[in-house]
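Chain by chain, the residues run as shown.
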Amino acid sequence: MFMQNAGSAGKRPADPGDIGRRIALRRRQLGLSLRETAARAGMAETYLEYVESSPAAVDIAALTRLAGTLGTTTQQLLGGGLDLPPGRERANAHPVLAELSTAECWARLAPGGVGRVALSSAEGPVVLPVNYRVLDGALVFRTTATGVLASAVGGKVAFEVDQLDEALCTGWSVLATGTAALLEDQETTEHLEHRGFPSPWAGGDRDVWVRIEPTAVTGRTIRTEQTPPPSGR
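The following paragraphs examine the structure supplied in this document.

### Quick word on the overall build of the protein
Line of reasoning, step 1. Across its full length, the protein holds 7 helices and 7 strands.
Line of reasoning, step 2. Reading the protein from its N end, one meets helices and strands in the order α-α-α-α-α-β-α-β-β-β-β-β-α-β.
Line of reasoning, step 3. Evaluated residue by residue, the protein yields a buried proportion of 36% over its 233 residues.
Line of reasoning, step 4. Considering only contacts in the protein between residues 6 or more positions apart, those separated by 24 or more positions represent 67%.
Line of reasoning, step 5. Only carbon and sulfur atoms are counted for the fraction: they give 52% of the accessible area of the protein, which is about 13800 Å².

Right, here's the structure in full:
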């Protein structure tokens, strides 16, 4: 059985299948193999593979070891707080805020994923999430012909993507600004489809392709300063 604190706000019931996917995702984010993770957590590689690929219940002791190995918490692996905004944990004692170089910003943008488009609408400023990819130095996403995002075509927009590590209280953000334009070249859009451009999570018919060619890209990162131990130790 999964042990959860009933008094914790925003927690959802644990789904064993979800837990396996979260473990696998966190392991890949850290660049760890199944063998390395299993060895560090003191468990058999075959068991870890089973946990990641099957809707199996995980013993709380094993889950705790996995959380420690993956630099996260059992609450995160259980999906706790998914209905709440991130960043509610107390900041680290020695946070360091640093600027990212342009190359570092693009390295974080390059894998694609979910970002946010900020634009002006008739009702005022709007920020909407989109599934995006990078193509030839531009950010590409799909939307509906009658949606708010389609109305951004021809105007200046901002695009933001970020990543937070709740367990370590670290993270980064990248902000790109540029003009939104239609991507109408059929050969290019078919190429994107062939490359596995993800279906927008929002679903529906989203056959308008929009590209943002940034004129400026900036970013910041928050990390924890490693303080040296007291002298004499």
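### Some details on the pattern of salt bridges
Line of reasoning, step 1. Inspection of the entire model under this criterion finds 5 salt bridges.
Line of reasoning, step 2. Where E160 meets R116, a salt bridge forms, and the shortest distance between an N and an O atom there is 2.9 Å. Remark: R116 occurs in strand β2 (residues 113–121) and E160 occurs in strand β5 (residues 156–165); sequence separation between them is 44 residues.
Line of reasoning, step 3. Where R116 meets D162, a salt bridge forms, and the shortest distance between an N and an O atom there is 3.2 Å. Of this pair, R116 sits in strand β2 while D162 sits in strand β5; the two residues are 46 residues apart in sequence, bridging distant segments of the chain.

### Examining the environment of A181
Line of reasoning, step 1. Structurally, A181 is set in strand β6 (residues 170–182).
Line of reasoning, step 2. Counting along the chain gives 31 residues from A181 to A150, while the straight-line C-alpha distance between them is 9.3 Å.
Line of reasoning, step 3. For A181, the residues in contact, after removing those within four places along its chain, are V153, W209, V210 and R211.

### Some words on unusual backbone geometry
Line of reasoning, step 1. Located in the positive-phi region is D136, a residue other than glycine, with phi close to 50 degrees.
Line of reasoning, step 2. Mapped onto the elements of the fold, D136 is located in the loop between β3 (124–135) and β4 (138–143).

### Some remarks on the nonpolar core
Line of reasoning, step 1. L109, V117, Y132, L139, F141, F159 and V174 are the most contacted members of the largest nonpolar core, which has 23 residues in total.
Line of reasoning, step 2. Counting residues per element, the ones that place at least two in this core are α6 (102–109), β2, β3, β4, β5, β6 and β7 (208–224).
Line of reasoning, step 3. Apart from the residues within four sequence positions on either side, Y132 is in contact with R108, L109, G112, G113, V114, G115, L139, V140, F141, F159, V161 and F197.
Line of reasoning, step 4. Core analysis: the next-biggest nonpolar cluster, separate from the first, contains 17 residues, A41, L48, L63 and L78 among them.

### Comments concerning the pairing of β7
Along any regular strand, the residues point their side chains to alternate faces of the sheet.
Line of reasoning, step 1. Bridge count for strand β1 (residues 95–100) against β7 is 6 bridges, and the pairing is antiparallel. Across the sheet, V96 pairs through a bridge with R223, a residue of β7.
Line of reasoning, step 2. Here 5 bridges tie β4 to β7, and the two strands are oriented antiparallel to one another. Counterpart to L139 in the pairing with β7 is I212.
Line of reasoning, step 3. Pairing between β6 and β7: 12 bridges, direction antiparallel. Paired with G171 across the two strands is I222, which belongs to β7.

### Focus on the environment of R211
Line of reasoning, step 1. Its location among the elements puts R211 in strand β7.
Line of reasoning, step 2. In this structure the C-alpha to C-alpha distance between R211 and A138, which are 73 residues apart in sequence, comes to 6.2 Å.
Line of reasoning, step 3. When near neighbours in sequence (up to four residues on either side) are disregarded, R211 contacts A138, L139, V140, T179, A180, A181, L182 and L183.
Line of reasoning, step 4. Of note is the side chain of R211, whose polar atom sits 3.3 Å from the side chain of E213.

What counts and how
In every chain, residue numbers begin from 1 and rise along the written sequence. Local features in this predicted model are restricted to residues of pLDDT 70 or higher, and side-chain atom pairs are both shown and tallied only at a pLDDT of 80 or more, whereas totals for entire chains, interfaces and linings draw on every residue. The basis for the side-chain values is all heavy atoms of the structure; hydrogens and waters are excluded. Starting at the N terminus, helices and strands are each numbered in turn, a helix being any DSSP run of H or I of at least four residues and a strand any DSSP run of E of at least two. Note on classification: 1.4 Å probe, protein chains only; a residue is buried when its accessible area is under 20% of the maximum for its type, exposed when over 50%, partly exposed between these limits. Two residues qualify as a contact provided that any one of their heavy atoms is within 4.5 Å of a heavy atom in the partner residue. Surface accessibility in these figures is a Shrake-Rupley result with a 1.4 Å probe; residues are shielded only by whichever protein chains are displayed. Within this document, salt bridges are pairs made up of a side-chain nitrogen of Lys or Arg and a carboxyl oxygen of Asp or Glu, the two lying within 4 Å of each other. As used in this record, nonpolar core signifies buried Ala, Val, Leu, Ile, Met, Phe, Trp, Tyr and Cys residues forming a set joined through side-chain atoms within 4.5 Å. At least two DSSP bridges between two strands are needed for those strands to be called paired. As used in this structure description, the phrase polar contact means that two N or O atoms lie within 3.5 Å; if the pair is within protein, one of them must be able to donate a hydrogen and the other to accept it, and residues adjacent in sequence are counted only when both atoms belong to side chains.

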